[in-house]
Amino acid sequence: MKLQEGIEVYIEARQSEGAPWMKGAQSLRSLCRSLGNMPLNRIRVNQIAPFLDGPHTSAATWYNKYCVLRQFFCYWKARNEIYGLPLPPPRRFPAQTFVPYVYSRTELRRLLVAAGTTQRDLNSVIGPRTFRTLLLFLYGTGAGLSEAVQLERGDVDFRRRRITLRSCVARCAREIPIGSDLYEILLQYHRAHHQQEAIRDPQFFLTKDGAQIKASTASKTFQKVRKKAGVARYDGARYQPRMQDLRYTFAVHRLTAWFKNGADMGRMIPALSAYMGQHDLSASERYLRLTPERFRAQLNKLSPKRGKRRWRDDSELMRFLDSL
């Protein structure tokens, strides 16, 4: 079997599991361009090593590419197309230096105020009410920025108070309930912005011209709003707070509020994972590490890493989620 055919068959097999697997597919196709369409069983370690060590390749990128190639070659070894893995020795996973920012409630209020003032500028692509509503949507649902800008009017069911979110990572959409405060905010925005006959774009969040908001435009706008609000990091991190950090803030604020109120965290942690579109219980581990220190010991006892079960396999949990 030739490399190109092997890559396409493998990508199709991975995507049939329900995820686009875009980055992995990109890495494998890049490998084919680098080596040429040669037979799988003729590939050697001295050909793979230069590909992994390409120019400007960080330690994290090397590790991620290595994992993709290892899975690919293991797949074809199990099918007797190759008899060994043409890979150099693995390296240790690099230490993670990036730490998401968790906004305080005071900072969130300052961001909302700044969104109402900076976006009144005539040159602003996104109107003040739209951007403020977008910020509240991200914080109120824990949705990703790409999910928010892809949201269509038909995805918001005001009668049932539910929203359908579509992720770039997973093909399957998920439906989530929304609270009464966010419901009122979205309903007011809908009445103010979607009643005009001239609007043709199906998206829920629209620019001043009635077009879909680009994620890059929203991120640049957020940085302008953040500076106006005086929100910044002072912990020595290289990165300033991002719009995407509202997702982490949602999760951490939920966990700490549940803990203060004495909620059953063994049930609520997997519920949070499901609500945020994560596929297994270990995905919430990153949020547990960001909770305030005074809650850390108790929450660590409930760390989903201990079980690594898929939340879909818990029938009692699924009944609970259906009742939300």
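Above this note sits the structure.
As a starting point, this report considers the structure included with it.

Criteria and cut-off values
- Residues numbered from 1 in each chain as written.
- Predicted model: local features only at pLDDT ≥ 70, side-chain atom pairs only at ≥ 80, totals over all residues.
- Heavy atoms only, no water.
- Axes fitted to C-alpha atoms, helices over the stretch in contact; angles between N-to-C directions.
- Helix = DSSP H or I, 4+ residues; strand = E, 2+ residues; numbered from the N terminus.
- Parallel < 35°, antiparallel > 145°, perpendicular 65-115°, else oblique.
- Contact = heavy atoms within 4.5 Å.
- Nonpolar A, V, L, I, M, F, W, Y, C, P; charged D, E, K, R; others polar.
- Pairing = 2+ DSSP bridges.
- Expected span 1.5 Å × (residues − 1).
- Salt bridge = Lys/Arg side-chain N within 4 Å of Asp/Glu carboxyl O.
- Buried < 20%, exposed > 50% of the residue type's maximum accessible area, 1.4 Å probe, protein only.
- Core = buried A, V, L, I, M, F, W, Y, C linked by side-chain atoms within 4.5 Å.

**Points about the packing of helix 5 (residues 105–118) against helix 6 (residues 128–141)**
Here is step 1: Where helix 5 contacts helix 6, the axes come no closer than 8 Å and their chain directions differ by 155°. Viewed along their axes, helix 5 and helix 6 adopt a mutual orientation that is roughly antiparallel. Where helix 5 abuts helix 6, its residues Arg105, Leu108, Leu111, Leu112, Ala115 and Gly116 lie against Pro128, Phe131, Arg132, Leu135, Leu136 and Tyr139.
Here is step 2: For the contact of helix 5 with helix 6, a count of residues per class yields nine nonpolar, one polar and two charged.

**Some details on the sheet that holds strand 3 (residues 174–177)**
Here is step 1: Pairing within the open sheet is antiparallel, and its three strands lie in the order 1-2-3. The open sheet terminates on both sides in strands that have one partner only, identified here as strand 1 (156–157) and strand 3.
Here is step 2: Two strands pair when backbone bridges link them, and strand 1 and strand 2 (residues 162–165) are joined in this way by two bridges, in the antiparallel orientation. Within the sheet, the bridge partner assigned to Asp157 lies in strand 2 and is Arg162.

**Quick notes on helix 6**
Here is step 1: The terminal C-alpha atoms of helix 6, which comprises 14 residues, lie 20 Å apart, in line with the 20 Å expected from a rise of 1.5 Å per residue.
Here is step 2: Two residues or fewer past helix 6, Gly142 is found with a positive phi of approximately 70°.

**Concerning the pattern of salt bridges**
Here is step 1: With the rule as written, the count across this model stands at nine salt bridges.
Here is step 2: We note a salt bridge from Asp157 to Arg160, for which the minimum N-O separation is 3.4 Å.
Here is step 3: Look at Arg160 and you get partly exposed, because its relative accessible area is 38%.
Here is step 4: A salt bridge links Glu175 to Arg160, with the shortest nitrogen-to-oxygen separation between them at 3.0 Å. Remark: Arg160 occurs in the loop between strand 1 and strand 2 and Glu175 occurs in strand 3; sequence separation between them is 15 residues.
Here is step 5: Residue Glu175 is classed as partly exposed on the basis of its relative accessible area of 37%.
Here is step 6: One network of salt bridges, in which partners are shared, links Asp157, Arg160, Arg162 and Glu175.

**Quick word on the pairing of strand 2**
Here is step 1: With burial as the criterion, each face of strand 2 is covered, one bearing Arg162 and Thr164 and the other bearing Ile163 and Leu165.
Here is step 2: Where strand 2 and strand 3 come together, four bridges link them in antiparallel fashion. Directly across from Ile163, in strand 3, lies its bridge partner Ile176.

**What to know about the packing of helix 6 against helix 9 (residues 215–229)**
Here is step 1: Axis separation between helix 6 and helix 9 bottoms out at 12 Å; the angle between their running directions is 95°. Taken together, the axis directions place helix 6 and helix 9 in an arrangement best described as roughly perpendicular. Along its contact with helix 6, which presents Phe131, Leu134 and Leu135, the element helix 9 presents Ala218, Thr221, Phe222 and Val225.
Here is step 2: Tallied by class, residues from the contact of helix 6 with helix 9 come to six nonpolar, one polar and no charged.

**Quick word on the nonpolar core**
Here is step 1: Phe131, Phe137, Ile163, Leu186, Phe205 and Met243 are the most contacted members of the largest nonpolar core, which has 51 residues in total.
Here is step 2: Among the elements of the structure, helix 5, helix 6, helix 7 (145–150), strand 2, helix 8 (180–193), helix 9, helix 10 (245–260) and helix 11 (265–275) are those that each provide at least two residues to this core.
Here is step 3: When residues in this core are grouped by element, the largest group, six residues, is from helix 6.
Here is step 4: Counting residues in each nonpolar core, the second largest holds 26 residues, with Met38, Val68, Phe72 and Trp76 among its members.

**A word on the side chain of Ser27**
Here is step 1: Position of Ser27 relative to the elements: it lies in helix 2 (residues 22–35).
Here is step 2: For Ser27, a relative accessible area of 17% corresponds to the buried category.
Here is step 3: Here Ser27 is in contact with Phe51, Lys65 and Val68, once residues within four sequence places are set aside.

Limitation: the analysis is restricted to geometry and does not speak to function.
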